[in-house]
Amino acid sequence: MIVLSCTNISKTYVVDTILKDISFAVEDGDKIGLIGLNGSGKTTLFNILVGETEKDSGDIYIQKNLKIGYLKQHVDVNSNETVFNECLKVFEPLIEMEKKLRSLEEEISKISEKGETRELELLMKEYSQLLEEFNEKNGYGFKSEIKGVLKGLGFDDEDMDKKISILSGGQKARLSLAKLLLEKPDLLLLDEPTNHLDIEAIGWLEEFLKEYKGAAIIISHDRYFLDNVVNRIFHLENHHLKTYTTNYTGYMKQRKLELEIMRREYENQQKEIKRQEEIIRRFSNYGGQRYIKQAQSRQKLLDKMKAVPEPPKEGKKFKLTFEPKVISGRQVLKVENLGKSFDDYKLLEDINFSIYRGEKVGLIGPNGIGKTTLFKMILRDIPCDEGNIILGHGVNIGYFDQEQSNLNLNKTVIDEIWDENPTFDHFTIRSLLGRFLFIGDDIFKEIEELSGGERSRLSLLKMMLSNANFLLMDEPTNHLDIDSKEVLEEALIDYKGTLLVISHDRYFLNRVTNKILELTKEGIKEYLGNYDYYLEKKREVIVEEDEEYKTKTQIKQEKKKEKEMLMLEKKRKKEIQDLEKSIEEYENKISNLDEELCNPKLYENPERILELTKEREQIKLNLDYLYEKWIELTEN
């Protein structure tokens, strides 16, 4: 059942078109990921759907009595209540209903003293109906429900009675999300819901949304989250929206295939147009009536040819390369028996680990466990109470702070870079800033005016220009759009130095890291692989327990299935090899035909030209099919 649909929605601000002819439908239960570059109009679309922004044209259908819940990216909860009591406000109708039940119970008790009366019968009926509704709405369990949602989003028991006025910005954002989930709207609009959640809380939210009966449209740059939650992707690009019925990884495969096919079709048509124009030019130059007619005929066909649109050009991406100027010793960092307390609270105790040159290490753990504190001790910003932190020979640390506190907010962009690199000339500075998308007058903006993404790019540029060979990065993908994340990932994958990164971006951790350090209340655990490997090892104990109960038949079936998978993979590789051989043969045939068609002597034989052209078209169709098949096989 369609709960919301849009037809030809358009929005323009003065002369800037934001959305143009946007059409889509949302089914009950849909989980949709809304993606696109920063500034592509995602938040504008949300604001139009909830009526906060007027559309210029188009129609919006919303199911009668549909309840829409909207979580904005930037929220500020102003209240004198405690965390738990603020969530209780969601259930005020239930609380009033409970008061009414208590009131009815008292009335019934008084009137029942008079015996069976009509008034008592009516009160009993009213009480029965109200009690049934109260039970259906979880009247006796909503307090447990509140605690469940708050704990799922990272609040502890001691946080329940905290005043909202003393909460951090991230805690307030999580509280807003908790209230929205407790309200259970029919359609959730979530703008970056994972921004202030740790990995454990994101995992809880994923499970919640997967089981959520209503629909949801989610703006998110968390690709791992999108993979686990959504069944459709809405991609906003160049003011238009395209729908993909798959998760994020499936969308990326389809998108890559689409762009490849579009590119080939466009290039092939451009080649064909040039070939036909050359033939027309030569026919025209021959001057004979017969050749002029041939030229005119071909020109008419060319004029009627339906133009294949040029593939969309990739959005501007900043260019990032990290290249250590000095190679460090083999052991980069050694932490021995580290401990840290704040007053009577023991935050870190008996922490031991080592990091070696070239390792890409992800540091994970719940919020408040001490990850950033550990970074600050490595940087010597705060002292450790116990143990030792030993930096290796020739180690130079570069630090990326998620708050970008290393930037001077009163400086302009160009001064921030130039002051630390005074030997650079004006051209070099402008070129470097241009690589990071600071173009034209952008370089004279004060840092205070920059967006979160712009500040992140500027911090990355500063780090790139430093002498660092050991990068400490605290949530480097926050505020970056998906394209920018991919640029950063590629740069760090190619980085020859050493990396220690705090991140809740599991897709990032999966691509970049080759070791995971999990910080827990019990200490630190090491996993020699990426994030998926870490998850696999975490589940290993459960799997081993399950193995004990497997029958001989089950083990035999699993071995048979594994053998079948190996055979299928072997068959796939053979098919790819055969396809590549066939593609090469067809491309050679087209090349030979093109040479023959360019032979001037052939123009005296129009029938032969027609025959060769038809043959070429058929080969081209076969070649297109082979390319599609090849892309499909190599993507799996």
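What you see is a predicted model; the values in this text were computed from it and never measured.

1. Description of the pattern of salt bridges
Here is step 1 of the chain: Under the definition given, this model contains 44 salt bridges.
Here is step 2 of the chain: In this structure, the salt-bridge partner of Asp-222 is Arg-506, at a minimum N-O distance of 3.7 Å. Placement of the pair is Asp-222 in the loop between strand E7 (215–219) and helix H8 (223–229) and Arg-506 in helix H16 (residues 506–512), with a sequence separation of 284 residues.
Here is step 3 of the chain: For Asp-222, a relative accessible area of 6% corresponds to the buried category.
Here is step 4 of the chain: For Glu-260, the salt bridge identified is with Arg-264, shortest N-O distance 3.7 Å. Here Arg-264 and Glu-260 lie together in helix H9 (residues 248–286), a separation of four residues that amounts to about one turn.
Here is step 5 of the chain: When salt bridges with common partners are traced through the structure, they connect Arg-223, Lys-485, Glu-489, Glu-490, Asp-505 and Arg-511 into a single cluster.

2. Details of the sheet that holds strand E13 (residues 386–391)
Sheet strands pair via backbone hydrogen bonds, and the direction of the pair is either parallel or antiparallel.
Here is step 1 of the chain: With antiparallel pairing, three strands are arranged side by side in an open sheet as E11-E10-E13. Pairing within the sheet leaves two strands with one partner each, and these edge strands are strand E11 (345–356) and E13. The mean inter-strand angle of the sheet, taken between neighbouring strand axes irrespective of direction, is 15°.
Here is step 2 of the chain: Judged from the five bridges that link them, strand E10 (residues 331–342) and E13 form a sheet pairing that is antiparallel. Along E13, the bridge assignment pairs Val-335 with Ile-389.

3. Re the packing of aromatic side chains
Here is step 1 of the chain: If you walk through the whole model with that rule in mind, you get 14 aromatic pairs.
Here is step 2 of the chain: Here Phe-91 and Phe-142 contribute two aromatic rings whose centre-to-centre distance is 5.1 Å and whose plane-to-plane angle is 25°, an arrangement assigned as stacked. Pair noted here: Phe-91 is in the loop between helix H2 (83–88) and helix H3 (92–111) and Phe-142 is in helix H5 (residues 142–152), with a separation of 51 residues, a long-range link. Both residues of the pair, Phe-91 and Phe-142, count as buried.
Here is step 3 of the chain: Aromatic side chains Tyr-248 and Tyr-251 sit 5.7 Å apart centroid to centroid with 50° between the ring planes, which places their arrangement in the tilted category. Remark: Tyr-251 and Tyr-248 occur in helix H9; sequence separation between them is three residues, near one turn of the helix. Each member of the pair Tyr-248 and Tyr-251 is classed as buried.
Here is step 4 of the chain: Connected via pairs of aromatic rings, a cluster forms that spans Tyr-224, Tyr-527, Tyr-531 and Tyr-534.
Here is step 5 of the chain: We note Lys-340 situated over the ring of Phe-342; from NZ or CZ to the ring centre the distance is 5.3 Å.

Basis of the calculations
Residues numbered from 1 in each chain as written. Predicted model: local features only at pLDDT ≥ 70, side-chain atom pairs only at ≥ 80, totals over all residues. Heavy atoms only, no water. Salt bridge = Lys/Arg side-chain N within 4 Å of Asp/Glu carboxyl O. Helix = DSSP H or I, 4+ residues; strand = E, 2+ residues; numbered from the N terminus. Buried < 20%, exposed > 50% of the residue type's maximum accessible area, 1.4 Å probe, protein only. Pairing = 2+ DSSP bridges. Axes fitted to C-alpha atoms, helices over the stretch in contact; angles between N-to-C directions. Phe/Tyr/Trp six-rings, centres within 6.5 Å; stacked < 30°, edge-to-face > 60°. Lys NZ or Arg CZ within 6 Å of the ring centre and 35° of its normal.

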